[in-house]
Structures are given as structure tokens and as C-alpha cells.
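As a plain string of letters, each chain reads:
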Amino acid sequence: MKLLQRLSMCSLIRCFMTDAPRVRFAPSPTGYLHLGGLRTALYNKLFAISHKGSFILRIEDTDQTRKIQGSVEALIADLEWAGITCDEGPSIGGRNGPYIQSERLDIYKQNITKLLENGSAYRCFCTERRLNLLRRDAVRSYSIPKYDNRCRNLSSKETKEKITAGTPNCIRFKLTSDCQYFEDLIFGGIAYDVSINEGDPVLMKSDGFPTYHFANVVDDHLMGITHVLRGVEWQISTTKHLLIYRAFGWKPPLFGHLPLIVNADGTKLSKRQKDVKVEDYRLKGVFPLALVNYITLAGGGFDHVPGAGIMLKSMDELAQEFQINKISSHPSRLNPDLLGECNKLEIKRRLQNEIESLTLISQLQQLVKKTYPLENLNISDDHVKNVLEWATARIATLDELISIKYAFLWILPSKYNQSEINKQLLEKFVHDLESLKPYDQTHLKQCLRDFSTKNNIKFPMLMKMLRLVLSGLPEGPSVAEMMHLLGKHQSLIRIREALQ
Ligand code: GLU
């Protein structure tokens with residue numbers, strides 16, 4: 001049954017796509033881009049790439065009271081950072097613009113006239129006070145607060161008089177009490193009669209601004225949107241939108257609602273967790289492709305071979321694999337352990353690319369400089385590259401490499417307890433080290449062992465002293481590993497420093 005449903009869904013998508021599909025991401029500028037928004041944008045983008053369609057960015061700022069200054073720019077910057085570029089949108093324009101709803105007020109005005117004229121919409125003069133009273137009465141009688149549709153019955157003469165008198169009014173949609181049905185590309189068949197729980201909804205507010213529902217339908221139609229992929233929180237509104245499409249006589253797009261993203265234990269993501277904002281991930285040193293892959297691991301829509309391990313995929317590879325009918329309708333559980341894994345793979349990938357590895361090296365050099373504002377930092381390109389290659393198995397973000405644990409890689413150790421240093425021994429060791437060839441881990445290990453036997457010093461004692469001299473720390477990577485990473489020259493500098 002499920003398979004049949006899925007198959008029919010595939011043919012539904014196909015039969016709708018004689019032309020290249022057009023999808024859109026339509027955020028409201030009410031704050032930052034969060035993981036859920038990023039997933040919606042990403043899946044729309046992947047859908048567009050995989051079907052050679054267009055991805056449109058539209059800013060839905062009809063609720064001016066909730067608009068946050070600077071959030072449009074931040075949203076665009078976050079999307080671009082994540083590699084989600086748009087084909088049409090506020091910053092690049094396009095033939096269906098403007099792409100910011102507050103700049104489309106004339107368009108809504110023209111279109112609302114059509115609904116007023118064909119009798120699907122009407123002017124409502126009810127005051128805020130009356131609406132509040134209705135709400136209060138409903139609460140008192142334990143019924144659903146909804147508008148009682150009173151102004152529906154005003155005669156055109158009454159309406160005209162009120163308009164002439166300058167009475168403030170909004171425009172409402174006449175809800176019909178029929179059950180709308182649609183095939184959700186992800187959830188399957190959905191049917192709902194909006195009028196059971198709602199009074200006639202407002203389409204245009206008294207200030208001339210459209211409501212979300214009206215602007216959303218008008219824009220999706222005028223922008224030629226063929227598939228609406230959006231968060232499941234909008235699923236309940238879709239049947240209302242279908243009624244509006246019908247009132248206009250427009251063919252609606254196909255709809256697919258993406259399930260909620262939740263924590264591994266099924267709980268809701270909370271803003272306080274510091275793990276919902278895309279910006280926070282960026283500041284934590286997560287790379288865009290790693291974050292994108294991490295989301296796809298939770299979101300479904302891809303072939304995942306169980307036990308095959310994680311493979312980092314490029315945007316094009318993800319797009320090739322992406323299939324809407326593979327998205328589960330269950331909430332998408334994030335597995336935070338996978339984020340580190342994805343970032344490790346991304347660091348490895350960047351290191352293998354000539355140009356990207358140079359950027360990575362310079363990024364780490366900057367980080368070190370910022371953290372340790374000292375002269376004579378050990379940050380030559382070769383050294384930084386060696387460290388990065390060594391670190392890919394150990395760290396998930398570059399930031400980890402500037403922690404105290406790894407400070408020895410960049411700076412000379414700060415003061416340590418001199419009583420633990422045997423200068424005579426160290427002097428001898430300098431001699432052995434200077435002549436060591438080749439300078440690799442195997443020979444270093446052998447050299448350390450030979451030195452401990454020859455000088456009758458217990459191996460652990462020797463290691464403890466050398467580790468202190470090299471890093472100033474009581475623990476860390478093996479001494480041979482540290483000396484190899486630092487290179488002969490830097491290791492000798494540190495040991496000689498201890499002899500001063
Ligand atoms: N403006 C809505 C939001 O902020 C978009 C809903 C839709 O995609 O239709 O999420």
C-alpha cells in the first residue's frame with residue numbers, strides 16, 4: 001500500500017513536470033536562519049538542481065511588526081555560506097520580482113480586487129474591540145474562538161457607505177465549508193475542512209498589507225512555483241491556500257511538507273541549546289558542507305546503506321541522490337555525533353584540494369595568531385599542513401587545535417618546574433637528536449629507547465621530562481609523535497631553551 005502510494009507520488013511529480021520545476025524558499029525576516037529553515041532551503045535547492053529547475057528566494061515580510069532589522073542580509077549571508085545560491089531573489093533579481101513582499105503591495109492590491117469582484121472576498125468593518133469580545137465569549141463558553149463572519153452579509157450599499165465614511169476595514173476570504181484534499185508529496189493524502197475551526201480569514205489588513213496566506217498564494221502563482229516544499233507547520237494552512245487558488249481559478253502547485261527536525265531523543269530543538277542557529281555552527285568552526293551533510297543524514301530523502309559509514313557528499317552528489325519520496329514523514333532525528341564526523345571528513349577533503357588546503361592553512365594560521373598574539377610563532381605553511389594532516393583523525397574543528405592541549409604546536413611552553421629537569425641528560429640527548437637521520441617516528445622511537453638504555457634512565461622518566469620540555473604539559477600525544485610533528489629544529493629549540 002505504502003509502496004503503491006509512493007509510486008503514484010513519483011508519477012505525480014513527473015506528470016507535473018513537463019517544464020522545469022520552480023521551487024522557492026520563503027523565509028520571514030523575523031530572526032536568524034535556523035536548522036529547520038536551512039533544511040527547507042537545502043531540499044528545495046537540491047530538488048531544483050536535480051530536475052534542472054530554478055530555486056527562488058522570496059522574503060515574506062508582510063508582518064512588519066515582527067521584522068528584525070538586518071535579518072534579510074543575515075539570512076542571505078547564511079544561505080550563501082551554506083552553498084545555497086538562488087537563481088532569482090532579492091539580491092540578484094529576476095523576471096518575477098520584486099522578491100520582497102513589502103515591495104509587492106500593488107500586486108496584492110490588484111489581485112484582491114479580483115476576489116472582491118467575483119464575490120470570494122468581502123470587506124469587514126468589525127473593530128478590534130468587537131473581535132476581542134468575540135474571543136472572550138468563545139473562551140467563556142469553551143468554544144473555538146473564531147470570527148462570526150458578520151460582515152459577509154453587508155449589502156453593497158452598506159459597504160459603500162462605510163467606505164465613503166472612511167471606516168477602517170480589512171478584506172476577508174469567504175470560507176466555504178467543503179473539505180479540501182491534496183496529496184502531500186511526503187505525508188500522502190491530507191483532507192481538512194478549514195471552516196470547522198476558523199472564521200473567514202483576513203487576506204488584506206486595514207493597513208494595506210496582505211496576510212501571509214494571501215501573499216503566499218499570489219506570489220507562488222505569479223512566480224510560477226510548481227512545487228512547494230516547506231515545513232510541516234504549514235501543512236494545516238495548505239487546504240486554506242487551495243481554497244484561495246480555487247477562488248482565483250488558478251492551478252495550485254504540488255505540496256510537500258518536511259517533518260520537524262528534533263533532537264536524538266525526540267525532544268524539540270530549543271533556541272537555548274545553542275544548536276539551532278546556523279550562525280552558531282559557523283562560529284563553532286563547522287564547515288558548510290559538513291553542516292549540509294549532517295542535515296541530510298537526519299532529514300531523509302537519500303539512499304542510506306546501513307552500516308556503510310558516513311560519506312561526505314558534494315551538493316551535486318546530494319542532488320543526484322535526492323528523492324522526495326524517500327523523505328520519511330516521521331520527525332527527523334539529529335545525531336550530534338555525526339556532525340563532528342562530517343566536519344572531520346570535510347577537513348580531510350579540503351586538505352586534498354590544492355587551493356582549499358591553502359585556505360585551510362591560512363585559516364588556522366589566523367586562528368593561532370589571534371589566540372597567541374606573540375612573536376616567533378611556529379606557523380610555517382609546511383608545519384601547519386603537517387599538523388592538519390595529523391589532526392584529521394583527532395579533531396572535529398580547527399578551533400580544537402588552538403586549545404591549551406595543542407599550544408605546544410605553535411608556541412614555546414611557558415614556565416614549568418625546573419626541578420624535574422636533568423640538564424646533563426638533556427645535553428646528551430641534544431647530541432643524539434642532532435645526528436638522528438632520518439627524522440621519522442620509527443627512528444625517533446628507537447632513538448628514545450636507545451637513549452634510555454644507554455644512560456640508564458627509566459623510559460617513563462625520560463618521557464615525562466621530554467614531554468614537559470616540549471609542551472609544558474604533563475600529558476598529550478606520545479613524545480615521538482610530538483617531536484615528529486614539531487620537526488627536528490623546533491624540538492631542539494625547546495630542549496635548548498630548557499638548558500638555559
Ligand atoms: N514565510 C513562511 C515562513 O516563514 C514560509 C511558509 C511557506 O513556505 O509557505 O516559514
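Residues numbered from 1 in each chain as written. Predicted model: local features only at pLDDT ≥ 70, side-chain atom pairs only at ≥ 80, totals over all residues. Heavy atoms only, no water.

1. Here's the deal with the site of the ligand
Next up, step 1: Inspection of the region around the ligand gives Arg24, Ala26, Ser28, Glu60, Tyr212, Asn216, Arg230 and Trp234 as its neighbouring residues.
Next up, step 2: Here an oxygen atom of the ligand sits 2.9 Å away from a polar atom, N or O, in the side chain of Tyr212.
Next up, step 3: Interatomic distance of 3.0 Å between a side-chain N/O atom of Asn216 and an oxygen atom of the ligand.
Next up, step 4: In isolation the ligand exposes 300 Å². Once the protein is present, 84% of that is buried.
Next up, step 5: Grouping the amino acids of the shell around the ligand by side-chain chemistry returns 3 nonpolar, 2 polar and 3 charged. (Near = heavy atom within 4 Å. Polar contact = N/O pair within 3.5 Å; in protein donor to acceptor, adjacent residues only side chain to side chain. Areas by Shrake-Rupley, 256 points an atom, 1.4 Å probe, with all protein chains shown as cover. Nonpolar A, V, L, I, M, F, W, Y, C, P; charged D, E, K, R; others polar.)

2. Topic: the packing of aromatic side chains
Next up, step 1: For the structure shown, the criterion picks out 9 aromatic pairs.
Next up, step 2: Seen from their ring centres, Trp390 and Tyr406 are 5.7 Å apart, and the 85° between their planes marks the pair as edge-to-face. Taken together, the residues Trp390 in helix H14 (residues 381-391) and Tyr406 in the loop between H14 and helix H15 (423-434) connect sequence positions 16 residues apart.
Next up, step 3: Assessed through its relative accessible area of 13%, Trp390 is described here as buried.
Next up, step 4: A network of ring pairs unites the aromatic residues Tyr43, Phe302 and Phe322 as a single cluster.
Next up, step 5: Sitting above the plane of the Trp81 ring, Arg282 keeps its charged end 5.8 Å from the centroid.
Next up, step 6: Sitting over the ring of Tyr281, Lys284 keeps its end group 4.6 Å from the ring centre. (Phe/Tyr/Trp six-rings, centres within 6.5 Å; stacked < 30°, edge-to-face > 60°. Helix = DSSP H or I, 4+ residues; strand = E, 2+ residues; numbered from the N terminus. Buried < 20%, exposed > 50% of the residue type's maximum accessible area, 1.4 Å probe, protein only. Lys NZ or Arg CZ within 6 Å of the ring centre and 35° of its normal.)

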